[in-house]
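Structure assessment
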Amino acid sequence: MGTFLSPAQIAQYQRDGFLVLPDFADAGRCLELRERALALAREHVPSPQLATIFTADGQALHASDEYFLTSGEAIRCFFEKDAFDTDGRLRAEAHLCLNKLGHAMHDLDPVFDAFSRTPRLAALAGDIGMHDALLLQSMYIFKQARIGGEVICHTDHTYLWTEPRSVVGFWFAIDDATTENGCMWALPGGHRIPVKNRSHLNASRTATIMDQWDKQPYPGTGLVALEARRGTLVLLDGALPHRSGANLSDKPRHAYTIHAIDAEANYLPDNWLQRTTLPLRGFGSC
Ligand code: FE2
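In short, a report on the structure.

The rules behind each value
Residues numbered from 1 in each chain as written. Predicted model: local features only at pLDDT ≥ 70, side-chain atom pairs only at ≥ 80, totals over all residues. Heavy atoms only, no water. Helix = DSSP H or I, 4+ residues; strand = E, 2+ residues; numbered from the N terminus. Polar contact = N/O pair within 3.5 Å; in protein donor to acceptor, adjacent residues only side chain to side chain. Donors = N, O, S within 2.8 Å, 3.2 Å for Na, K, Ca; no water. Buried < 20%, exposed > 50% of the residue type's maximum accessible area, 1.4 Å probe, protein only. Pairing = 2+ DSSP bridges. Axes fitted to C-alpha atoms, helices over the stretch in contact; angles between N-to-C directions. 1 Å grid on protein atoms, 1.4 Å probe; cavity = no way out; pocket = protein on both sides within 12 Å on 5 of 7 lines; lining within 4 Å. Points joined across faces, edges and corners; volume = space filled by probe spheres on them. Nonpolar A, V, L, I, M, F, W, Y, C, P; charged D, E, K, R; others polar.

Notes on the environment of Glu 264
Assignment of secondary structure puts Glu 264 in the loop between strand E14 (255-262) and strand E15 (266-267). Among the polar contacts listed, one links the side chain of Glu 264 to the side chain of His 131, at a separation of 3.3 Å.

If you want it as structure tokens, here you go:
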């Protein structure tokens, strides 16, 4: 495994808990992934009754939904909460009302698979200390113009818990992300704050519940905007508090995220995402 990052970049990642790498992905490949995501959305869009409205601040909306809980080994569609009018009808064509696709495109779709597994990504994972990185979940986030919802401040470790902590987010800007269309915000150094909560399956494994051992919210100030041009890769430590705003602009803000864990860490059996049939694979192409 080669080395991709300079020692200064590795030090920056360790200091801040995130690292922004402009022009990491080729713009043409981003557009290819964008087109594929829209095709998958058309192909997999469920009836609105079946789909779960996904909001980070509305856990209860999807927590008991089997459609969500079994999506770790599938390609599923999740709607925006503002996708429906007051009569419960979709405001636009279904595939244009989606919040995201999740959570196994990287293993089930050849275009996503190829985008997600490259020697450079493998080198990068090694550079930031992952010994044996495994791709756990993928999300294609549409953040649609005007209806793209906000994601409240959270850490990814809360949802994908390993012991010791190992989850890292690999976030790709597929469209240009700005403060107008809901770019990400992160708290520099915030990965040193002890993680405050953990979401996990209940005893009957039919819903998720949140253990909250620190009622103080993450700091609301001090976050910096991670504006990113198409092709930018942002690495996010699993304990880094981050959020994104609503997209009230007329420009969509598509993004693609891979969450990887270290095979050497213990992935807890009551995490919501369980891969019982599809084996996890790394960043290598085979
Ligand atoms: Fe996140």
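Still to come is the rest of the account.
Digging into the coordination of the iron ion
For the iron ion, the full set of protein donor atoms is His 154 (NE2), Asp 156 (OD) and His 242 (NE2), and the range of their distances to it is 2.2 Å. Counting along the primary sequence, the residues that act as donors to the iron ion give the motif H-x1-D-x85-H. Of this pair, His 154 sits in strand E5 (residues 151-154) while His 242 sits in strand E13 (residues 242-244), placing them 88 residues apart in sequence. When its relative accessible area of 14% is taken as the criterion, His 154 is described as buried. By relative accessible area, which is 5% here, His 242 ends up buried.

Topic: the pairing of E14
In terms of burial, E14 is largely enclosed, as eight of its eight residues are buried. Here E14 shows a buried face lined by Ala 255, Thr 257, His 259 and Ile 261 and a second buried face lined by Tyr 256, Ile 258, Ala 260 and Asp 262. Bridge count for strand E4 (residues 133-141) against E14 is eight bridges, and the pairing is antiparallel. Paired with Met 139 across the two strands is Thr 257, which belongs to E14. Pairing analysis gives six bridges linking strand E7 (residues 168-173) to E14, with the strands arranged antiparallel. Pairing of Phe 172 across the sheet is with Tyr 256, part of E14.

So, the sheet that holds E5
Across the sheet, four strands lie side by side as E5-E13-E8-E11; this open sheet has antiparallel pairing. The open sheet terminates on both sides in strands that have one partner only, identified here as E5 and strand E11 (224-226). Ignoring which end each strand starts from, the neighbouring axes of this sheet average 25° apart. Pairing of strand E8 (residues 184-186) with E11, which is carried by three bridges, proceeds in the antiparallel orientation. Across the sheet, the residue bridging to Ala 186 is Val 224, located in E11.

Examining the layout of surface pockets
Of the pockets and cavities examined, the largest pocket occupies roughly 290 Å³. Considered class by class, the residues forming the lining of the largest pocket number seven nonpolar, five polar and four charged.

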